[in-house]
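# Topology and contacts: notes
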Amino acid sequence: WPSTEFALGVDVAGTQVCWRPAATRSLAVVGRTGSGLTVLTESVLDQARAAGWMTLYASTIGRESFDPAGVPGLVSSSLGSYPADRNARVNEYSAVIEIARRMLQHRRSRSIPGDVPEQWSGSSLLDARTRDVPILLVLDSIDAYRLVGRPDAARGTVEAVCAITDILAHGFDHRIHVLVTSQLEWPEYLPPLWTREIPEVVLTGKRDIATGRL
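This report concerns the structure included in the present document. Counting from 1, residues in each chain are numbered in the order their sequence is written. Given that the model is predicted, a residue must reach a pLDDT of at least 70 before its local features are reported, and side-chain atom pairs must reach 80 or more before they are shown or counted; all residues, however, enter totals for whole chains, interfaces and linings. Remark: hydrogens and water are excluded; side-chain values derive from all non-hydrogen atoms of the structure.

### Considering unusual backbone geometry
You will see that Arg25, though not glycine, has its phi angle at about 65°, which is positive. Numbering goes from the N terminus for both helices and strands, where a helix is a DSSP run of H or I of at least four residues and a strand is a run of E of at least two. Here Arg25 shows up in the loop between helix H1 (21-24) and strand S3 (27-30). The buried label applies to any residue whose accessible area, calculated with a 1.4 Å probe on protein chains only, is under 20% of its type's maximum; exposed applies above 50%, and partly exposed to all values in between. Overall, the relative accessible area of 26% leaves Arg25 in the partly exposed class. Notably, Arg175 is not glycine yet its phi reads approximately 65°, a positive angle. With respect to the helices and strands, the residue Arg175 is situated in the loop between helix H5 (157-170) and strand S7 (176-182).

### Notes on helix H2 (residues 37-50)
Expected span of a helix: the number of residues minus one, times 1.5 Å. Here H2 is 14 residues long and its end C-alpha atoms lie 20 Å apart, about the 20 Å a rise of 1.5 Å per residue gives. Note on H2: the residue one or two positions beyond its end, Gly52, has a positive phi of about 90°.

### Some remarks on the pattern of salt bridges
Salt bridge, as used here, is a side-chain nitrogen of Lys or Arg placed within 4 Å of a carboxyl oxygen of Asp or Glu. Considering all chains together, one arrives at 5 salt bridges under this definition. Between Arg49 and Asp46 there is a salt bridge whose closest N-O contact spans 2.5 Å. In this pair, Arg49 and Asp46 are both assigned in helix H2, 3 residues apart and thus about one turn of the helix distant. For Glu98, the salt bridge is made with Arg101, and the minimal N-O distance between the two is 2.7 Å. Placement of both Glu98 and Arg101 in helix H3 (residues 86-109) is noted, with a separation of 3 residues, approximately one turn of the helix. Since its relative accessible area comes to 27%, Arg101 is described here as partly exposed. Members of the salt-bridge network, linked through shared partners, are Glu98, Arg101 and Arg102.

### Regarding the environment of Leu45
Mapping Leu45 onto the fold places it in helix H2. Spatially, the C-alpha atom of Leu45 lies 8.5 Å from that of Tyr57, the residues being 12 residues apart in sequence.

### Some points on the packing of aromatic side chains
Note on aromatic pairs: the rings of Phe, Tyr and Trp (six-membered ring only in Trp) are paired at centre separations within 6.5 Å, and the planes decide the class, stacked below 30 degrees, edge-to-face beyond 60, tilted for the rest. Enumeration over the complete set of coordinates arrives at 3 aromatic pairs. With 6.2 Å between their ring centres and 45° between their planes, Trp1 and Phe172 make a pair best called tilted. Remark: Phe172 occurs in the loop between H5 and S7 and Trp1 occurs in the segment before strand S1 (6-10); sequence separation between them is 171 residues. With relative accessibility at 25%, the residue Trp1 sits in the partly exposed group. Here Phe172 falls in the partly exposed class, since its relative accessible area comes to 25%.

### Let's talk about the environment of Ser35
As for its position among the elements, Ser35 is in the loop between S3 and H2. Separated by 148 residues in the primary sequence, Ser35 and Gln183 place their C-alpha atoms 9.7 Å from one another. In contact with Ser35, not counting residues within four places along its chain, are Thr204 and Gly205. Whenever two N or O atoms come within 3.5 Å, that pair is a polar contact, provided that in protein one can donate a hydrogen and the other can accept it, and provided that, for residues adjacent in sequence, both atoms are side-chain atoms. There is a polar contact of 2.6 Å between the side chain of Ser35 and the backbone oxygen of Arg32. Only heavy atoms matter for contacts: two residues are in contact if any of them lie within 4.5 Å across the pair.

Written as structure tokens, this is what we have:
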């Protein structure tokens, strides 16, 4: 874990760029549609699973390649397809965040006997043997989730936003790292605390006026 690096690609000068989670905690990847945003995200997830990490993936759109039944090592994912009601999409996204929140809570309480809720005690995901396994939480299109995730859009969304804040602020202490992706103006649509807790931002695609300004 301390020395794990995930290859991201090359920068405009042709130099290889890597992300070392133990050194920089969380990462944001920002890019337009077609800029390689999804390819980079899938690559980091594959690298994390190959390194023995737990991986959680939340998306506002369905991706066949991330069907949890067909991807070994993927703890959770959005569904491959959604009903027309966008509220269901928000709920699926929030469910992945809730799993990460429970993992963080469990790891916080592992040194306090009897502090783990009884209903979690038999879960293999929360077993004491997995407490030092690094976790990668990928929140795809975080800005889109934030926009549709208004308190009146779906139950539990406010709690999910609070959970993300907690995970970003304290997950690093328990080897829980967050990778967020964004296709809109960064960080215009996100809470300031979120962007302060993400020290490293990668812009995908070719440099232009918009990315230069970002």
